[in-house]
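Descriptive structure summary
Below are the chains, spelled out letter by letter.
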Amino acid sequence: MLLCLPTTVSEVQECMAEGAVPIGGATLVWAGWQRDGFPALAMSLRDLPEATVVEPEALGAAVVLHRIDDRVPEVLRRAAGTVGTGAVRRTATVGGNIVGSSLRCLLPAALVLDARPTVLGPDRAYETDLAEVVAKRHLLLGLRWRTPTASGYRKEPAEAGGPPPLVVATAVHADDEGRHHLRVAVRDGYEVLSETAPCDEGADQALGALERTDIGALHSAARDVVRAQVADILDSLSDR
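These numbers were taken from a predicted model, which means no experiment stands behind them.

What follows deals with the sheet that holds strand β12 (residues 191-198). Here we have 4 strands laid out as an open sheet, ordered β9-β10-β11-β12, and antiparallel in their pairing. Whereas interior strands pair on both sides, the edge strands pair on one side only; in this sheet they are β9 (150-155) and β12. Across this sheet, the average inter-strand angle for adjacent strands is 10 degrees, counted without regard to direction. As defined by bridge partners, β9 adjoins strand β10 (residues 167-174) across 6 bridges and the pair is classed as antiparallel. Along β10, the bridge assignment pairs G152 with T170. Along the sheet, helix α3 (residues 74-81) contacts β9 and β10; its crossing angle with β9, the most-contacted strand, is approximately 20 degrees. Contacts from helix α8 (residues 203-211) reach β11 (180-188) and β12 within the one sheet, and its direction differs from that of β12 by about 130 degrees.

As a rule of thumb, nonpolar side chains are buried together in soluble globular proteins. Counting 37 residues, the largest nonpolar core has L59, L65, I68, V94, L143 and W145 as the members making the most contacts within it. Every element with two or more residues in this core is listed here: α3, α5 (94-100), α6 (107-112), α7 (130-136), β8 (139-144) and β10. Here this core gets 5 residues from one element, more than from any other, and that element is α6. Not counting chain neighbours up to four residues away, the residues in contact with L65 comprise A80, V83, R89, A92, T93, V94 and L106. A150, L166, A222 and L237 belong to the second largest nonpolar core, which has 22 residues in total.

Turning our eyes to something else, we now look at the sheet that holds strand β5 (residues 58-60). Pairing is antiparallel across the open sheet formed by 5 strands, whose spatial order is β4-β5-β8-β6-β7. Unpaired on one side and paired on the other, β4 (54-55) and β7 (125-127) mark the two borders of the sheet. Pairing of strand β6 (residues 116-120) with β8 involves 5 bridges; the strand directions are antiparallel. Residue pairing across strands places P117 opposite L143, the latter belonging to β8. Each of β6 and β8 is contacted by helix α1 (residues 9-17), which is oriented at about 60 degrees to β6, the strand it contacts most.

Structurally, E11 can be placed in helix α1. On the basis of relative accessible area, E11 is assigned to the partly exposed category, the value being 30%. E11 sits 37 residues away from L48 along the chain, and the two C-alpha atoms are 9.4 Å apart.

Parameters at a glance
- Residues numbered from 1 in each chain as written.
- Predicted model: local features only at pLDDT ≥ 70, side-chain atom pairs only at ≥ 80, totals over all residues.
- Heavy atoms only, no water.
- Pairing = 2+ DSSP bridges.
- Helix = DSSP H or I, 4+ residues; strand = E, 2+ residues; numbered from the N terminus.
- Axes fitted to C-alpha atoms, helices over the stretch in contact; angles between N-to-C directions.
- Contact = heavy atoms within 4.5 Å.
- Core = buried A, V, L, I, M, F, W, Y, C linked by side-chain atoms within 4.5 Å.
- Buried < 20%, exposed > 50% of the residue type's maximum accessible area, 1.4 Å probe, protein only.

The following block contains the structure:
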């Protein structure tokens, strides 16, 4: 297997045209390759500047999870810190987690940040939405978002080898007129739900709005965690 390490977007396109398989940190594909055979050409974005940024409002797809620190919002940092073991986090990448993983542990955090992905198509790089990235498994270059007023993250305990743990991510955003709204994303099993609710009048207003969405139709244990997380983030906001 040959490994392509492009340093420009045009070189990435050349590698893709030659049939290179994107590998990220290879944590999700290595076992399959050992079983089924290795591709002739693989590609890592670890030397591509656009894919390695870690900034307050941007994160590259080739960034390994243990590099995600307090430069990014709390919800994203905490989501990355709960993925796998330390050894996994030193190898697994943002792009591999969001695009290649069935768990997509970073997806709820990215959704509540209203992150906009940049992906590489056959002829150009362009911005799209997370739903398209997940559905079509695009080659992700990075994410960008606007800094939220506050954010939070909770991952419930789970037994090893059992169902995926429940995840609730939250973020409060202010619009141009100073009004606040709350974004909530829930991973329940392998499904991820995301909703937005007004929150200037506090937790009761936000929870009332969420009850009328698909999040309000979740099982009672999940709704309890959502209520606790919504109350926590809005209480922290009122204390500022």
